[in-house]
There are 2 protein chains.
Amino acid sequence: MSTHQAPRQLKLGFILHGVGPGWGDWRHPDADPTASTNIDFYLRQAKLAEQGKFDFLFVADSVHITEKSSPHYLNRFEPLTILSAVATHTKNIGLVGTLTVSYSEPYTVARQFASLDHISRGRAGWNVVTSWLSGSAENYGKPAHPPHEVRYRIAAEHLTTVQGLWDSWEDDALVHNKETGQFIDPAKLHTLNHQGEFFSVRGPLNIARSPQGQPVIFQAGASEDGRNFSARYADAFFTEGSTIESSQAYYADIKKRAAAFGRAPHQASVLPALRAIVGATEEEAQALHRQAEGLIRIEDALVALARSFNEHDLTQYPLDGPFPDIAQYGADSNRSSSERIIRTAREENLTLRQAALRYASPRKEFVGTGVQVADAIQRWFLNDAADGFILFEALPYQLDAFITHVVPVLQERGLFRREYEATTLRGNLGLDVPENRNTAARRQAA
Amino acid sequence: MSTHQAPRQLKLGFILHGVGPGWGDWRHPDADPTASTNIDFYLRQAKLAEQGKFDFLFVADSVHITEKSSPHYLNRFEPLTILSAVATHTKNIGLVGTLTVSYSEPYTVARQFASLDHISRGRAGWNVVTSWLSGSAENYGKPAHPPHEVRYRIAAEHLTTVQGLWDSWEDDALVHNKETGQFIDPAKLHTLNHQGEFFSVRGPLNIARSPQGQPVIFQAGASEDGRNFSARYADAFFTEGSTIESSQAYYADIKKRAAAFGRAPHQASVLPALRAIVGATEEEAQALHRQAEGLIRIEDALVALARSFNEHDLTQYPLDGPFPDIAQYGADSNRSSSERIIRTAREENLTLRQAALRYASPRKEFVGTGVQVADAIQRWFLNDAADGFILFEALPYQLDAFITHVVPVLQERGLFRREYEATTLRGNLGLDVPENRNTAARRQAA
Ligand SMILES: Cc1cc2nc3c(=O)[nH]c(=O)nc-3n(C[C@H](O)[C@H](O)[C@H](O)COP(=O)(O)O)c2cc1C
Ligand SMILES: Cc1cc2nc3c(=O)[nH]c(=O)nc-3n(C[C@H](O)[C@H](O)[C@H](O)COP(=O)(O)O)c2cc1C
C-alpha cells in the first residue's frame, strides 16, 4: 500500500473537446454534432468543470488531417484562441493547451502563452508535443517530418528558449513613474540572445512577465527520449494508463528520472487518461457503456488505431485475422502507443477487429456508480499508479455525472479539494512561482 | 462636394490598446499604467465601443522591441489571444487583429483567425502587415529581414494561401449523420496543395469554414508596393491621414487601383487614423489637448519618430537644428511614413524637435466639442478623404467622450448607425460572404 500522507490530494484535469474523443460519441442522441466549433458548448463545459473543482481544462491539438481523420481531429478550435475565450468565463481553473514544437516559433509561442497567462491572471499551461504524424510537415513547407529522436532535441531547445523569453522582464521592470516619465527600468529588461542548433532568438519578449512567471509545463512523452524530456522539463505528465500495472511501471520510472533531474515528487505529477462512465446505478452505467460501444463503427475504430501508426491504411488487412505486423509504421510516429497496442494484441491474441474495438472502448474498470469509480480512482491514487487523472467525456453529460456522483465521494474521503486553494494553476497544483533567472543572477552577483 | 448618396454610412473602428498610443498618455493622472496587460481594462473598452456602435475593434501588433521602445510597443497582449477573450463579451462588434506575414506560417494563421471567427460567430478580421523593423528577423532566426519589395511578395502569397485554406471545407461538408455514422462528406473537404515561392502548404485546414467564410482583410500599405497589395486584396484600408489633402490623394489613388482589380467602392473602405480630443466645451477640449501635449517628453517623441526609420538613433542630431538627412533609414522600413515625416519637415522648415513633437501630438482639426469633431469627420467623409475612421484614444476616457458627444451628432445627421445591421463584421461593413471557391468550381463544372 501507499506510504503517502493524508494531505496528498488528487489532481484532476478535464479534456475540453467537441465531438468524438470516444470516436462514436457524437452519434449519441443527446450529442451536439456541431459541438467542436460551438463556443457555447465549450463555455458550458468549462464552467461545469470549474464547479467540479477540477484543477485544469486541457485542449489537445494536432496540425494535420486528411478526409479520413476521426471527427475529433477533423474540425477543432485552435487551443490558444479557445482557451483565451474560456479564460474570462472562469476564475480558478487552469487552462492548458497543446502546441507543437515541430511547427512553431518560440517567440510566438512564448507570447501567446504569456498573453493567456495575463488574460487568465495566472492559469496558463502548455502541453509540449512533438507531433507524430509525418503529414504535418506538408502543412508547414518542411521537406520532411523530423525523426523521433530529433523531435525531442528540437523540443528541448524550443521549450528552454520559450522559458528564457518568459523571463525577459524582471518582476519590477515596469516602473511607470508618471512624474519623471520613466516607464521601465531598462536594466531589468533582458535580451536572451539564444543561438542554438534549431533556433536563434534574440528577445526580449514584448510582454511583461506573467502572473505565474512561468506557465506550467505538461508533457506526455512515453518513449525513452520522451520520458527523459518529460522528466527533466515537465511539471505534470499525461500518460495513457491502459492498466494499473502499466501505470505503476510508468509512475516508478518517471519519478525516478525526475528525481535524477533534481525534481521533487510533487513537482512531477502523473496523470493517466481516464474515460469513466458513471451512472446513478451500476445497471445504468453498464447500459451506458454498452451504448458507447454500440456507437463505434469498426471502420472508425480502425482509423483511430491507425493514428498511432502514422495513419497507415489498416483496411488492407483481414479484419478477423491476427493482428498484422505493422510495428515499423509506429516506430517513428507515436512509438509508445503503437508498441502498447501491439503488445496487448500479442499477449491476448486479438484479431485486428478486436484490437481496434478494444482501443476505442472505455476501460471497464472505470464504469460504475460514483462509489465504484471513486474506488478505482483511489486504488490507482494510493498505489502509485497516478497522482490524478485527465478525464475524457466518453458520452454526453458524463462530465455532469462525474461531478454529481464521483467528486463528492472523493471529497468525503479527503482525496479531493472542496474549494480551490488559489486563483493560479501553480497555486492549485502546489507549485511555486520560480524566481526570474535574471533576478536570481543579479542577486547572486550582489 | 460629394456625389455619394444619403445611405452611405460612416465606418468606425476603435484601436483597443493599453498605455501609450499618444506616447505620453499613460502619464495622465487618470491613466492606468498597467492597462496593457489588464484584461478588465480591455473588456471595459471593448464593451464601451460596442455600446457606441463601432464597426470593429482593432488590436495592433509588432514583433520586436528593445529597451528603448515606446510603452505602447514594449508590453502588449498578443492579438489573437486578447481578441478571443474579448469575443465572448461582445455580440456585434468586429474583432480585427494584426498579424505579420513575414514571421508566421499560413496554416497556423488560417487556423487562428478561423477559430476566432467561429468563437465570435463571424466577427474576425485580419490586418495583414509585413513588419517594418529589421530587428524582427532576429526573434525568428532569420538571417535578414526581407527587403520591402520582397515583403509584399511574401504577403501576397501568404494571404492567398490562408484564404485558400479558409475554403478547405465547403459549407455543407459536415454531414454528421448519426444513423449511418458518416461525419463528413469527403468530396467536400479539399486539399489546397499550394507550392509557391515562399510557402508550400498541403491542407486541408483542420477547422470547418467559419461563419464569414473569409474573415475580413484590412491593410495599411502606403508605398507603391503596399498600395497595389492593399487595393488587390484588402476589404478596408488604414491610412495615417495626416491632412485632408493627403487623405484625398490617397483615397482617389487607392479607389482607382481597387477598381482596376475589379473591386466595387464599398468593398474598399478608406479609414484614416483619428486621434480626436473631445470636450463638453471647446475650452475643455483645448485644455485636454494642451494636457496631452504636456505629457509628451521630447525623448519619447524622438523614439516614436525613429520607429519609422527602423529605430535609427535620432539623439545624435541637434534637437534644434534642421531636420536631419535620414531618408535612407526609412526607405526599407516604414517607407511611406518616413517619407511623409521628411516632406512635412522640409515644407514647414521644422527642426528635429518640432517634427518629433508634431508627430506625437494629436491633430488640431479633431480637437473640440462633439459638434466640432463631428463637423470635421463629416468634412472628410463627404469630401472623399475617408469612408470612416479608426479612432485612437489619445487620453483616458476619450472613448467615453467620443461616444457621449460625437456619436449622437453623427447619428442625428444620418451618417452613422443607431443599431447594428448584423452580428457579423461582413454584415456591418456591407460585405457579402464570398462563395467557397470549391463550391463555385463544382457548380461551374456541373
Ligand atoms: C493524455 C494525453 C494527451 C495527449 N495530447 C496530445 C496532443 O494534444 N497532441 C499531440 O500531438 N500528442 C498528444 N499526446 C501524445 C504525446 O504527445 C506523445 O506523442 C505520445 O504520448 C507518445 O510519446 P512519444 O512521443 O515519447 O513516443 C497525448 C498523450 C496523452 C497520454
Ligand atoms: C492605422 C494604422 C495601423 C497600422 N497598424 C500596424 C500594425 O499593427 N503593425 C504593423 O506592423 N504596421 C501597422 N501599420 C503600418 C502598415 O502596416 C504599413 O507598414 C505602413 O502603413 C507603411 O506602408 P508600406 O509598408 O507600404 O511602406 C499601421 C498603419 C496604419 C495607418
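All values derive from a computational prediction rather than experimental measurement.

Q: Break down the site of ligand 2 for me, citing the residues and quoting the values.
A: All names here are of chain B. Close to ligand 2 lie 20 residues; Asp-61, Tyr-152, Ala-220, Ala-222 and Ser-223 are nearest. His-148 has a polar side-chain atom sitting 3.1 Å from an oxygen atom of ligand 2. In the model, an oxygen atom of ligand 2 is placed 2.9 Å from a nitrogen or oxygen of the Ala-222 main chain. In the complex, 92% of the free accessible area of ligand 2, which totals 610 Å², lies under the protein chains. Elements represented by at least two residues in the shell around ligand 2 include exactly β4 (124-129), α5 (148-166), β10 (236-239) and α11 (335-347). Residue composition of the shell around ligand 2, by class: eight nonpolar, nine polar and three charged.

Q: Could you give me a rundown of the UniProt feature "domain: Luciferase-like" (unreviewed entry) in chain A, with the residues and numbers involved?
A: UniProt marks residues 28-378 of chain A with the feature "domain: Luciferase-like" (unreviewed entry), using the numbering shown here. End C-alpha atoms of residues 28-378 of chain A are separated by 30 Å, and the span's content is 41% helix alongside 13% strand.

Q: Describe the nonpolar core, naming the residues involved and giving the relevant values.
A: The biggest cluster of nonpolar side chains holds 244 residues, and the ones touching the most others in it are A:Trp126, A:Phe402, B:Trp126 and B:Phe402. In this view, B:Phe402 contacts B:Leu12, B:Phe54, B:Leu274, B:Ala276, B:Val278, B:Val373, B:Ile377, B:Leu391 and B:Val407; residues no more than four positions away in its chain are not counted. Of all hydrophobic cores here, the second largest spans 15 residues; its members include B:Phe56, B:Val96, B:Phe238 and B:Phe392.

Q: Describe the site of ligand 1, listing the residues and the values that go with them.
A: Residue and element names in this part refer to chain A. Neighbouring residues of ligand 1: 20 residues in total, closest Asp-61, Thr-98, Tyr-152, Ala-220 and Ser-223. At 2.6 Å from an oxygen atom of ligand 1 is found a side-chain nitrogen or oxygen belonging to Tyr-152. Contacts to ligand 1 include Ser-336, whose side-chain N or O atom sits 3.3 Å from an oxygen atom. Alone, ligand 1 offers 620 Å² of accessible surface; in the complex the protein occludes 92% of this. Breaking the shell around ligand 1 down by element, the ones donating at least two residues are β4 (124-129), α5 (148-166), β10 (236-239) and α11 (335-348). Among the residues forming the shell around ligand 1, the class breakdown is eight nonpolar, nine polar and three charged. Inspection of the shell around ligand 1 shows a minimum of three residues originating in each of domain 1 (11-282 + 363-445) and domain 2 (297-360).

Q: Talk me through the packing of helix α1 (residues 39-51) of chain A against helix α14 (residues 398-412) of chain A; I want residue IDs and the actual numbers.
A: All names here are of chain A. At a minimum axis distance of 10 Å, the contact between α1 and α14 shows a crossing angle of 15 degrees. On the basis of the axis angle, α1 is roughly parallel to α14. In the packing of α1 onto α14, the handedness of the crossing is left-handed. Residues Arg-44, Gln-45, Leu-48 and Ala-49 of α1 touch α14, and the partners they reach there are Leu-399, Asp-400 and Ile-403. Of the residues assigned to the contact of α1 with α14, the class counts are four nonpolar, one polar and two charged.

Q: A description of the packing of aromatic side chains should follow, citing residues and the corresponding values.
A: All names here are of chain A. Enumeration according to the criterion identifies 36 aromatic pairs over all chains in this entry. When the centroid spacing of 4.9 Å and the interplanar angle of 80 degrees are considered together, the rings of Tyr-42 and Phe-77 count as edge-to-face. Note that Tyr-42 is positioned in helix α1 and Phe-77 in the loop between α2 (71-74) and α3 (79-87), a separation of 35 residues in sequence. Both residues of the pair, Tyr-42 and Phe-77, count as buried. Look at Phe-58 and Phe-238: their rings are 4.8 Å apart centre to centre, the planes differ by 45 degrees, and that puts the pair in the tilted class. On the criterion of sequence distance, the pair formed by Phe-58 in strand β2 (residues 56-59) and Phe-238 in strand β10 is long-range, its members being 180 residues apart. We note that Phe-58, like Phe-238, is buried. What links up through ring pairs into an aromatic cluster is the set Phe-56, Phe-58, Phe-218 and Phe-238.

Q: Break down the relation of the copies chain A and chain B for me, citing the residues and quoting the values.
A: Between the two copies of the chain lies a relationship made up of a rotation around an axis and a movement along it. For the match of chain A to chain B, the screw axis carries a shift of 0.0 Å, the RMSD comes to 0.0 Å, and the turn is 180 degrees. Within this description, the copies of the chain are treated as partners about a two-fold rotation axis. Taking the C-alpha atom as reference, chain A places A:Ala85 closest to the rotation axis, 2.1 Å from it. A shared binding surface is used by both copies, with 100% of the interface residues of chain A retained as interface residues in chain B.

Q: Pulling in residues and values, what's your account of the side chain of A:Arg76?
A: Residues and elements named next belong to chain A. Within the element layout of this structure, Arg-76 appears in the loop between α2 and α3. Buried Arg-76, no salt bridge; nearest opposite-charge side chain is Asp-61, N-O distance 4.0 Å. Within the structure, Arg-76 has its side chain in polar contact with the side chain of Ser-62 (distance 2.9 Å).

Q: Explain the environment of B:Asn127 to me, and be specific about the residues and the numbers.
A: Residue and element names in this part refer to chain B. Structurally, Asn-127 can be placed in strand β4. By relative accessible area, which is 4% here, Asn-127 ends up buried. C-alpha separation for the pair Asn-127 and Val-216, spaced 89 residues apart in sequence, amounts to 8.5 Å. Excluding anything up to four places from it in sequence, Asn-127 contacts Phe-58, Val-96, Gly-97, Thr-98, Leu-99, Phe-218, Gln-219, Ala-220 and Phe-238. In terms of polar contacts, Asn-127 uses its side chain to reach the side chain of Thr-98, at 2.9 Å.

Q: Outline the domain arrangement of chain A, supporting the account with residue identities and numerical values.
A: Residue and element names in this part refer to chain A. When the domains of chain A are assigned, the result is domain 1 (11-282 + 363-445) and domain 2 (297-360). Between the C-alpha centres of domain 1 and domain 2 the distance comes to 27 Å. Listed as interface residues are 22 residues of domain 1 and, on the opposing side, 18 residues of domain 2. The largest contributions to the domain 1 side of the interface with domain 2 come from Trp-23, Trp-132 and Glu-240, which together make up 34% of the buried area. In this assembly, domain 1 and domain 2 are joined by one salt bridge. Across the contact surface, domain 1 and domain 2 share 13 residue pairs in polar contact (both at pLDDT 80 or more). Here the side of domain 1 that touches domain 2 is built from residues that sort into seven nonpolar, ten polar and five charged.

Q: I'd love a proper account of the interface of chain A and chain B, names of residues and values included.
A: Taken together, the contact pairs 73 residues of chain A with 74 residues of chain B. Both faces considered, chain A and chain B share a buried interface measuring about 6,100 Å² in area, 55% of it formed by carbon and sulfur atoms. Of all residues in chain A, A:Arg111, A:Lys178 and A:Phe183 bury the most surface against chain B, accounting for 11% of the area lost on that side. Our count for the chain A to chain B interface comes out at six salt bridges. The salt bridge partner of A:Arg202 is B:Glu138, with a shortest N-O separation of 3.1 Å. Linking chain A with chain B are 43 residue pairs in polar contact (both at pLDDT 80 or more). Taken together, the elements giving at least two residues each to the side of chain A that touches chain B come down to α1, α2, α3, α4 (106-119), β5 (174-177), β6 (182-184) and β8 (200-201) of chain A. Ranked by the residues each element gives to the side of chain A that touches chain B, the list is headed by α4(A), at seven residues.

Cut-offs applied
- Residues numbered from 1 in each chain as written.
- Chains lettered and ligands numbered in written order.
- Predicted model: local features only at pLDDT ≥ 70, side-chain atom pairs only at ≥ 80, totals over all residues.
- Heavy atoms only, no water.
- Near = heavy atom within 4 Å.
- Polar contact = N/O pair within 3.5 Å; in protein donor to acceptor, adjacent residues only side chain to side chain.
- Areas by Shrake-Rupley, 256 points an atom, 1.4 Å probe, with all protein chains shown as cover.
- Helix = DSSP H or I, 4+ residues; strand = E, 2+ residues; numbered from the N terminus.
- Nonpolar A, V, L, I, M, F, W, Y, C, P; charged D, E, K, R; others polar.
- UniProt positions renumbered as here; feature names shortened; annotations may be inferred.
- Core = buried A, V, L, I, M, F, W, Y, C linked by side-chain atoms within 4.5 Å.
- Buried < 20%, exposed > 50% of the residue type's maximum accessible area, 1.4 Å probe, protein only.
- Contact = heavy atoms within 4.5 Å.
- Domains from an automatic or database assignment.
- Axes fitted to C-alpha atoms, helices over the stretch in contact; angles between N-to-C directions.
- Parallel < 35°, antiparallel > 145°, perpendicular 65-115°, else oblique.
- Left-handed = near helix turned anticlockwise from the far one by under 90°.
- Phe/Tyr/Trp six-rings, centres within 6.5 Å; stacked < 30°, edge-to-face > 60°.
- Least-squares fit on C-alpha atoms with pLDDT ≥ 70 in both.
- Lys, Arg positive; Asp, Glu negative; His and termini not counted.
- Salt bridge = Lys/Arg side-chain N within 4 Å of Asp/Glu carboxyl O.
- Buried area = accessible area lost by both parts, 1.4 Å probe.

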